[in-house]
Amino acid sequence: MKVAELLFKNGFKEAYAIKGGIGGKDGWRAIQENLLPPSVHIYPKKKAKMSQQFEMNGGVNQQSENNYEDGSHSMDNGYVKSSMESSPKKKLDSRSSSPYPNVVMVSNQTPMDISSWDGTLSSSDFCLAACAFVEKWKSVNPGLPPWSWVPCPKSPWFASHEEDAVEVSHSGKEELGCSEEEEPIDNALSVQSYSHEVHCYDFHIVYSTSYRVPVLYFRAYCSDGQPLVLDDIEKDFPVNSAKLLLESKWTFITQEEHPYLNRPWYKLHPCGTNEWMKLLFLGDPSLSRIGVAIEHYLVSWLSVVGQVVGLKIPLEMLNNSSHL
Amino acid sequence: MMDGGATEAQRYVWEGAIPLQIHLHESEVTTLPPPPPALILAPRIGYLPLLVPLIKPHFSSALPPGVDTIWFDYKGLPLKWYIPTGVLFDLLCAEPERPWNLTIHFRGYPGNILIPCEGEDSIKWSFINSLKEAAYIINGNCKNVMNMSQPDQVELWRSVLSAGNMEAYLRVSSKLKLGTVGDEYTVKPNSCSLKSRQSTGETDIAGSVKTDRIPVRLYVWSVSEDFDDFEDAPQIDSWDKISYINRPVEIHREGKYFTLRDAVKNLLPEFFAVKPLVNEEISSIQVEDVQRVPLEDASVEDGEEKSCDVDSCCPSDNAEIKLIRIQGIEPKLEIPFSWVVNNLMNPEHFLHICVCVKVPQENNM
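Scoring rules and cut-offs
Each chain has its residues counted from 1, running along the sequence as written. The lettering of chains begins at A and the numbering of ligands begins at 1, in the order of writing. With the structure being a predicted model, the display of local features is reserved for residues of pLDDT at least 70 and the display and counting of side-chain atom pairs for 80 or more, all residues being used for whole-chain, interface and lining totals. Hydrogens and water are ignored here; the side-chain numbers use all heavy atoms of the structure. UniProt positions are given in the numbering used here, feature names are shortened, and annotations may be inferred rather than shown by experiment. Helical segments are the DSSP runs of H or I of at least four residues, strand segments are the runs of E of at least two, and each set is numbered from the N terminus. Paired rings are identified among Phe, Tyr and Trp, the last through its six-membered ring, by centres lying within 6.5 Å, and are further divided according to the angle between planes into stacked (under 30 degrees), edge-to-face (over 60) and tilted (the rest). Residue burial is assigned from relative accessible area. The probe radius is 1.4 Å, only protein chains are included, and a residue is buried under 20% of its type maximum, exposed over 50%, and partly exposed in between. What marks off one domain from the next here is an automatic or database domain assignment. Any two residues having at least one pair of non-hydrogen atoms within 4.5 Å are treated as being in contact. Joining two parts hides part of their accessible area as seen by a 1.4 Å probe, and the buried area is that hidden amount summed over both. By definition here, a salt bridge exists when the distance from a side-chain nitrogen of Lys or Arg to a carboxyl oxygen of Asp or Glu is within 4 Å. Nonpolar residues are Ala, Val, Leu, Ile, Met, Phe, Trp, Tyr, Cys and Pro. Charged residues are Asp, Glu, Lys and Arg, and all others, Gly as well, are polar. Side-chain atoms alone can form a polar contact between residues adjacent in sequence; in general such a contact is a pair of N or O atoms within 3.5 Å, and within protein one must be able to donate a hydrogen while the other accepts it. Here the term patch refers to residues with relative accessible area over 30% and no salt bridge, with like charges joined within 9 Å and nonpolar side chains (Val, Leu, Ile, Met, Phe, Trp, Tyr) within 5 Å. To measure how exposed things are, a 1.4 Å probe is used in the Shrake-Rupley method; for residues, cover is taken only from the protein chains shown. Only four residue types enter the tally: Lys and Arg on the positive side, Asp and Glu on the negative side; His and the chain ends are excluded. Throughout, a charge is located at the NZ atom of Lys, the CZ atom of Arg, the CG atom of Asp or the CD atom of Glu. Note that the arc is computed from the directions linking the helix axis to the C-beta atoms. A strand pair is defined by DSSP finding two or more bridges across the two strands. Convention adopted: a line fitted to C-alpha atoms gives each axis, helices being fitted over their contacting stretch, and angles between N-to-C directions are expressed from 0 to 180 degrees.

With an unreviewed UniProt entry as reference, chain B is termed Autophagy protein 5, source organism Liquidambar formosana. The record in UniProt for chain B states the following under Sequence similarities (unreviewed entry): "Belongs to the ATG5 family." In its Function (unreviewed entry) section, the UniProt entry covering chain B states "Required for autophagy."

As annotated in an unreviewed UniProt entry, chain A carries the name Ubiquitin-like-conjugating enzyme ATG10 and comes from Liquidambar formosana. Taken from UniProt, the Sequence similarities (unreviewed entry) comment for chain A reads in full: "Belongs to the ATG10 family."

Set out below in structure tokens:
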């Protein structure tokens, strides 16, 4: 696989160390095939609330579980957020997905010369990419917890700053022990925690004005609200990430202040992102043919970054040609 | 400037220190009488937990048994250890208090507010990660920081840790090629081409056009009531009252030098808006003007200041900037931003700016 080779040659492994690369044995494509085993069916926890948030496009006052509350919003300063919870017994709700292709996405498609592109994007492009991503996710995965845009102005007087950063968020619960990377746990030893303990993960995608790329922030907690420490989180992660976490304690995932919520969250360090994003686009003929389509940015990005934390992207999300 | 030895201002910053009077929190006092407060001089460019080896012996006999999770508070506000001590002081003590009375806690870490601190390693890596971020902002990559040799890394950190050997710091840091902001008095020939990049929201092609990007961390403290004297200023009792803005300032040269005012205007355009006029069309043009920062420079330099002074500036909704403080000083807004950056930045190459703004209550939502 061309992409995988490119990534390997150019030090992708150092950036995020998905051992199998894109096409390798434990790589992205391979994992895609095994996507969503029956035990990880997911349904939206606060679906009504969340989808409402998105439809209003960040233009309303809303209160998230993070006590984030604010008034006047514009599209450019917010984040998208959703919530999910896994449970094998729940049936997937069917919900109407939005008509596709979305008008906003198409009209804002900004192909550009890929050879001069450095893999970064501007905050307004991030906003476009985020909206495209949210829409696509909704239409491709109507049963999965949606991502939604959550506006977050810095302050009342910051309501409409053009360059204010934006954020996409997503939260979910993982049934402990159901991720396929994990070895079966000795039932005799830990039968209770194995079958009952649910870990919740909140994922936020925040634009970094320093690195000019999206950054993944997340936090994890037990169903009783008790936050998980990194040692516990590590056990939910794919094996490769856990290993890397051990090797690069301070430069891979660290706890940092969430830029909007001012609380400690975990952050995936973004300093190699633009490099591998560029490689990703260069290496994919269908992407480079149409130039750098901003709409695909977040899907491609999350397909790599998501793997680090065991967040999987349905294969259909990567299918560029079908919709655009 | 950095290459040719330190400037006088840099030396002041490097040697700047704040006298601290540190009290043990009463809940942790196990002796009678309670231990007297510890007096210590804290380097401005340092971080509070780095002082622990000096402070702890002072209190160790009074501590209850158990594992230490050390943190500090100022009048009940837990202090974020990853903000340099000088910045905390500038931000939280609008009216400087000397000595600065802080409380130390060895137990009960407020993990919901503060990032856990695992001692010196946490601080060192927070510093290095900031340095990497700054390098990325300046050069578009962090290779020089990533490729720093182990001895250089050790030396760099040691010089910051002790706020001691400034020459050693300059020697290592010059290898990172983070340079200094160019001399703003001269006009770069290609400066005109920069205009389009700023104003459009289109995809940037970073690298093809070089814009100076300056790593800035801005802390905005908004107050709702007015006061004449900072002694009467309300206490900051929650971090929610501080907006933290981590956004690079892009320097655009259009024939004029770029001042500190331009930089702050760039970060907080709302506070530099000209009073709205009745005519809607005119005011919309003015709003545009504000965003295209350099356009207004012309009038500033000619001395006929169209935009107002920091104290009298009247942005929308009667909000106003009451104070801008960097490294303990309140620089004039006419100072070239390049001077401010080159002389007042912290060793991780970020310029930390503390701003106090007054936002009338009715606009506070």
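Caption draft 1: Quick peek at the UniProt feature "domain: Autophagy protein ATG5 alpha-helical bundle region" (unreviewed entry) in chain B. The positions that UniProt labels "domain: Autophagy protein ATG5 alpha-helical bundle region" (unreviewed entry) are, in the present scheme, residues 120-177 of chain B. Measuring from the first to the last C-alpha atom of residues 120-177 of chain B gives 26 Å, for a span that is 79% helix and 0% strand.

Caption draft 2: Highlighting the packing of aromatic side chains. According to the stated counting rule, one finds 20 aromatic pairs over all chains in the structure shown. Ring centres of F133(A) and W147(A) lie 5.5 Å apart, and the angle between their planes is 65°; on these two criteria the pair is classed as edge-to-face. Residue F133(A) is found in helix α6 (residues 123-140), and its partner W147(A) is found in the loop between α6 and β6 (148-151); the two are separated by 14 residues along the sequence. The pair formed by F133(A) and W147(A) is uniform in burial state, with each residue classed as buried. Centre to centre, the rings of F89(B) and W100(B) are 5.2 Å apart; their planes meet at 65°, and the pair counts as edge-to-face.

Caption draft 3: Spotlight on the domain arrangement of chain B. All names here are of chain B. Considered domain by domain, chain B is made up of domain 1 (11-105) and domain 2 (213-358). Facing the 22 residues of domain 1 at the interface are 23 residues of domain 2. Summed over both partners, the interface of domain 1 with domain 2 buries about 1,900 Å², with 67% contributed by carbon and sulfur atoms. Between domain 1 and domain 2 we count zero salt bridges in total. Per-element accounting of the side of domain 1 that touches domain 2 gives the leading share, five residues, to helix α3 (residues 85-92). Split into classes, the residues belonging to the side of domain 1 that touches domain 2 amount to 17 nonpolar, no polar and five charged.

Caption draft 4: Summary view of the side chain of N346(B). Residue and element names in this part refer to chain B. Relative to the assigned elements, N346 resides in the loop between α12 (337-344) and β11 (351-358). Note on N346: relative accessible area 2%, which makes it buried. A polar side-chain atom of N346 sits 2.9 Å from a polar atom in the side chain of Q327. Sequence-distant contacts of N346, defined by excluding residues within four places in its chain, comprise R44, I45, P84, Y169, Q327 and H352.

Caption draft 5: Focus on a negative patch on the surface. Residues and elements named next belong to chain B. Taken together, the side chains of E95, D228, D229, E231 and D232 make up a negatively charged region of the molecular surface. As for its position among the elements, D229 is in the loop between β7 (216-223) and β8 (242-246). For D229, a relative accessible area of 34% translates into the label partly exposed.

Caption draft 6: Layout of helix α1 (residues 8-15) of chain B. Residue and element names in this part refer to chain B. Those residues of α1 that sit buried are A9, Q10, V13 and W14. Within α1, the buried residues cover an arc of 140° as seen down the axis, which keeps them to one side. Seen from the open side of α1, the exposed residues pointing more than 90 degrees away from its buried face are E8, Y12 and E15.

Caption draft 7: Quick peek at the sheet that holds strand β3 (residues 71-74) of chain B. Residue and element names in this part refer to chain B. The sheet built from five strands is open, its strands ordered β2-β1-β5-β3-β4 with mixed pairing. What marks the edges here is a single partner per strand, and that holds for β2 (38-43) and β4 (77-78). Inspection of the sheet shows strand β1 (residues 17-24) paired to β2 by six bridges, in the antiparallel sense. Paired with Q21 across the two strands is L39, which belongs to β2. Its contacts with the sheet place α3 against β1, β2, β3, β4 and β5 (100-105), and it is angled at close to 120° to β5.

Caption draft 8: How the structure looks around the environment of W147(A). Taking relative accessible area as the criterion, W147(A) reaches 1% and is therefore assigned buried. For the pair W147(A) and A130(A), spaced 17 residues apart in the sequence, the C-alpha separation amounts to 9.2 Å.

Caption draft 9: Structural detail: the UniProt feature "domain: Autophagy protein ATG5 UblA" (unreviewed entry) in chain B. UniProt feature "domain: Autophagy protein ATG5 UblA" (unreviewed entry): in the numbering of this structure it lies at residues 13-106 of chain B. A distance of 30 Å separates the end C-alpha atoms of residues 13-106 of chain B, which is 20% helix and 28% strand.

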